[in-house]
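Spelled out, the chains give:
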Amino acid sequence: MSEVNIPEEEKITSDVLENNETAEVEQVNLAEKTLAELSELFQKLGSGLERVKRSKEAEAIKSAFYKRLSKEKADAGLAPVEEPSASEIENEEAADASVSVEEGKVENPFEALENGFKSLYNDYKRERAEFNQQLEKERADNLAAKEAVIEELKALVEKQEDVSATFPEFREIQNKWRSIGSVPAQNYRNINDTYQYYVEKFYDMVKINRDLRDLDFKKNLEAKQGLCDLAEKLADNDNIVEAFRELQKLHEQWKDIGPVAKEYREDIWNRFKAATSVVNKKYQAFFEEQKAKQAENLEAKTRLCELVEAIADKEVKSSNEWNSLSKDIEDIQKQWKGIGFASKKDNQKIYDRFRAACDKFFEKKRVFYSQYKDNMNENLEKKLSIIEQAEALKSSTEWKKATDQFINLQKQWKEIGAVPRKKSEQLWKRFRAACDEFFAERDKQAKPENDFYGNLKAKRKLIDEIQAYENGADDAAAMQDFAARWQAIGFVPFKEKDKIAQAYKEAMQAKFPDFGSRAQRGSGRQSRAPRSEKEVLIQKYHTLQQDIDTYENNIGFFAASKNAEALIAQMRERIADAKLELKELEAKIRKAEEDKD
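Residues numbered from 1 in each chain as written. Predicted model: local features only at pLDDT ≥ 70, side-chain atom pairs only at ≥ 80, totals over all residues. Heavy atoms only, no water.

## Things to note about the overall build of the chain
Point 1. Helices and strands together make up the secondary structure of the chain, namely 21 helices and zero strands.
Point 2. Per-residue burial over the chain gives 36% buried out of 597 residues.
Point 3. Pairs at least 24 apart in sequence give 77% of the contacts found in the chain among residues at least 6 apart.
Point 4. Total accessible area computed for the chain in this model is approximately 36,200 Å², and 49% of it derives from carbon and sulfur atoms. (Helix = DSSP H or I, 4+ residues; strand = E, 2+ residues; numbered from the N terminus. Buried < 20%, exposed > 50% of the residue type's maximum accessible area, 1.4 Å probe, protein only. Contact = heavy atoms within 4.5 Å. Areas by Shrake-Rupley, 256 points an atom, 1.4 Å probe, with all protein chains shown as cover.)

Structure follows, in structure tokens:
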């Protein structure tokens, strides 16, 4: 076998190296850059030889720039643009230079940035074109130089002279060959194969001095053993990309070293090939792992897109829910930033999908708060109207009529939604002041036939009577009697009405679990007595739930007033007690069901 011919499966193609360059370029997320940042990034690519060698990064920045420019133009109401080719950019620049701005024409706010980037990109294309022309010329010159060296080597082989005369000349030819740079890619394999063919033919056909030949073989063997040592050490390099690049350099050096003795040729090549195979497999595994990780990242980002899209499609009706969902979106965005890149073909697509879902959510939120502000202003007007009615009514001495009107105004107040926060406390104090002034004056002016404090005393006495009642067969009639007597008693002082009403309700429900039920309140027919312990417990459970709803509504009504702290605390205490009792009732209901089974 010929030691200089590397088997096809061991050759490293430019595609793998290109993939590695792409993997490095992807480390910058260009989609998040502004137009100015992209222009600055393009400038930072360097100049001259450094910049033209970074063509993939340059083209990626150009693509990102025109995507961003198109979007921002569309957002500004201008016609969007598509990414132009290099020739189109040059033509546009020439056209821009020859056309003056017409008077009164709307200026493009992006013109300066766009023209600046065109100028940068055209400079880069000119540099790259000049670089490529120079590179092609150099490679063509190198090809001609190597062809001349091969002709010299060919002539040397055909001399068939003694090695003492030809060997120094052969060494000079080898030095010439090594000093010549790269040739065009399409000629690389053929020119190298031809050179190696005549090198081997020189060693095999020319009658050289065995001692000198063996010495040369020995030096070549030592050099190749050294390359094998270096190649084997590369397997321990944690940076597999760097190890792979170093391996390519070792292959180039291997090609430049002459042959070894025939008995060592296959072994030394197999050793070098084995070391190459280890690095190649680790390199391939590395990129397979990268590919798998990118697939996982894509899957994770897809799930986040679905979450945001689901949130963006929700019908949200309250400010609290918007705030809660906004926090969810922010948490999801933090998760997104913690996930690595997807593959090159998917990364921009999945980012655009995620960005679109987030934009949809925040646009809906903006529209909601715009409408929400309008609604609060409407509510403000409604509450101001109620306040004006209350203030006009507060001096009335038609106590019964005015009391009914105030109660109706209070009911309307509760039904009106939120107002601007900075106005809420002020409005409530003004409304409450009008209510308090009227009811305080009404209580002072109470006549014997409308004795509020006497009524309060009578209602307390009735509550005591209810609490002392002993249940029996006539519970339904007793409940109706107590209810009728309660309704017959007149008004109590305004500040006591909620407290005494709650005490009455609790006393009645304690003695008559069916009190306040839908059947009892509806048709007015007498309710039947509960038929079982379980039914009694269930009725108590539902009644407690209604009480909790009432307490919570009351808290909502009084929460805007700092003067109602004691009342709010009392209601919260009642809510806590009721919830504890609910749990006890749940346990009793379960036990009643078990006993029945």
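## Digging into the packing of aromatic side chains
Geometrically, a pair of aromatic rings is defined through the distance of the ring centres and the angle of the planes.
Point 1. On inspection of all chains with the given rule, the structure shows 25 aromatic pairs.
Point 2. Both rings, one in Trp177 and one in Tyr195, keep their centres 3.9 Å apart while their planes meet at 5 degrees; by these two values the pair is stacked. With Trp177 in helix 7 (residues 163-179) and Tyr195 in helix 8 (residues 185-205), this residue pair connects regions lying 18 residues apart in the sequence. You'll find Trp177 and Tyr195 in the same group, each marked buried.
Point 3. Ring geometry for Trp413 against Trp428: centres 6.0 Å apart, planes inclined by 50 degrees, an arrangement best described as tilted. One end of the pair, Trp413, is in helix 14 (residues 399-415); the other, Trp428, is in helix 15 (residues 421-444), with 15 residues separating them in the sequence. Each of the two residues, Trp413 as well as Trp428, counts as buried. (Phe/Tyr/Trp six-rings, centres within 6.5 Å; stacked < 30°, edge-to-face > 60°.)

## Things to note about the packing of helix 14 against helix 15
In helix packing, the relevant descriptors are the interaxial angle and the interaxial distance, both defined with respect to the helix axes.
Point 1. Contact geometry for helix 14 and helix 15: axes closest at 11 Å, N-to-C directions at 160 degrees. Viewed along their axes, helix 14 and helix 15 adopt a mutual orientation that is roughly antiparallel. Relative to helix 15, helix 14 is oriented so that their crossing is left-handed. Counting all contacts with helix 14, which are made through Trp399, Ala402, Thr403, Phe406, Leu409, Gln410 and Trp413, the residues of helix 15 involved are Leu427, Trp428, Phe431, Ala434, Cys435, Phe438, Phe439, Glu441 and Arg442.
Point 2. Split by residue class, the contact of helix 14 with helix 15 holds 12 nonpolar, two polar and two charged. (Axes fitted to C-alpha atoms, helices over the stretch in contact; angles between N-to-C directions. Parallel < 35°, antiparallel > 145°, perpendicular 65-115°, else oblique. Left-handed = near helix turned anticlockwise from the far one by under 90°. Nonpolar A, V, L, I, M, F, W, Y, C, P; charged D, E, K, R; others polar.)

## Considering empty space enclosed by the protein
Point 1. This model, assessed by the stated rule, comprises one cavity of 30 Å³ or more.
Point 2. Space inside the largest cavity adds up to approximately 30 Å³.
Point 3. Taken together, Gln174, Tyr195, Gln196, Val199, Lys255, Asp256, Ile257 and Gly258 form the lining of the largest cavity.
Point 4. If you list the elements that add at least two residues to the lining of the largest cavity, you get helix 8 and helix 10 (240-256).
Point 5. For the lining of the largest cavity, the element with the most residues is helix 8, which contributes three residues.
Point 6. When the residues that make up the lining of the largest cavity are grouped by side-chain class, the tally is three nonpolar, three polar and two charged. (1 Å grid on protein atoms, 1.4 Å probe; cavity = no way out; pocket = protein on both sides within 12 Å on 5 of 7 lines; lining within 4 Å. Points joined across faces, edges and corners; volume = space filled by probe spheres on them.)

## Details of the pattern of salt bridges
Point 1. Scanning the entire structure with this criterion turns up 28 salt bridges.
Point 2. Of the charged contacts, one joins Arg366 and Glu363 as a salt bridge, the two residues approaching to 2.7 Å between their closest N and O atoms. Of the two residues, Arg366 and Glu363 are both situated in helix 13 (residues 344-393); the distance of three residues between them amounts to about one turn of the helix.
Point 3. Given the relative accessible area of 38%, Glu363 is considered partly exposed.
Point 4. The partner of Lys497 in a salt bridge is Asp498, with the nearest N and O atoms 3.2 Å apart. (Salt bridge = Lys/Arg side-chain N within 4 Å of Asp/Glu carboxyl O.)

## Comments concerning the packing of helix 16 (residues 452-468) against helix 17 (residues 475-488)
Point 1. Orientation of helix 16 relative to helix 17, taken along the N-to-C sense of each, is 170 degrees, at an axis distance of 10 Å. By the angle between their directions, the pair helix 16 and helix 17 is classed as roughly antiparallel. Residues Lys459, Leu462, Ile463, Glu465 and Ile466 of helix 16 touch helix 17, and the partners they reach there are Phe482, Arg485 and Trp486.
Point 2. In terms of residue class, the contact of helix 16 with helix 17 is made up of five nonpolar, no polar and three charged.

## Looking at the side chain of Lys459
Point 1. Residue placement: Lys459 occurs in helix 16.
Point 2. It is Asp498 that comes nearest to the buried, bridge-free Lys459 among opposite-charge side chains, at 11 Å. (Lys, Arg positive; Asp, Glu negative; His and termini not counted.)

## Digging into the confidence of the model for the chain
Point 1. Put simply, the chain has an average pLDDT of 77, and 78% of its residues get 70 or more.
Point 2. In this model residues 94-106 is a low-confidence stretch, pLDDT under 50, and it forms two contacts with partners more than four residues away in sequence or in other chains. (pLDDT = per-residue confidence, 0-100.)

## Some points on helix 12 (residues 319-338)
Point 1. With 20 residues, helix 12 should cover 28 Å at 1.5 Å per step; its first-to-last C-alpha distance of 29 Å lies within 8% of that length.
Point 2. Restricting attention to buried positions, one finds in helix 12 the residues Ser319, Trp322, Leu325, Ser326, Ile329, Ile332 and Trp336. The buried residues of helix 12 occupy one face: seen down the axis, they fall within an arc of 130 degrees. Exposed and facing more than 90 degrees away from the buried side of helix 12 are Asn320, Lys334 and Gly338. (Expected span 1.5 Å × (residues − 1). Arc of directions from axis to C-beta.)

## Let's talk about the environment of Lys146
Point 1. Summarising the element assignment, Lys146 is placed in helix 6 (residues 111-159).
Point 2. In this structure, Lys146 is in contact with Trp177, Ile180, Gly181, Val183 and Ile191, ignoring residues within four places of it in sequence.

## Some remarks on a negative patch on the surface
Point 1. On the surface, a cluster of negative charge is contributed by Glu573, Asp577, Glu581 and Glu584.
Point 2. With respect to the element layout, Glu584 can be found in helix 21 (residues 565-596). (Patch = residues over 30% accessible without salt bridge, like charges linked within 9 Å, V, L, I, M, F, W, Y side chains within 5 Å. Charge placed at Lys NZ, Arg CZ, Asp CG, Glu CD.)

## Focus: the environment of Asp214
Point 1. Here Asp214 is to be found in helix 9 (residues 210-234).
Point 2. Asp214 gets classed as partly exposed once you look at its relative accessible area, which sits at 37%.
Point 3. When the C-alpha atoms of Asp214 and Val260 are compared, they prove to be 8.5 Å apart, with 46 residues separating the residues in sequence.

## Overview of the state of the cysteines
Point 1. Applying the stated criterion across every chain yields a total of zero disulfides.
Point 2. For Cys305, which is in no disulfide, the shortest distance to another cysteine sulfur is to Cys358 and amounts to 8.0 Å.
Point 3. On the basis of relative accessible area, Cys358 is assigned to the buried category, the value being 4%. (Disulfide = S-S within 2.5 Å.)

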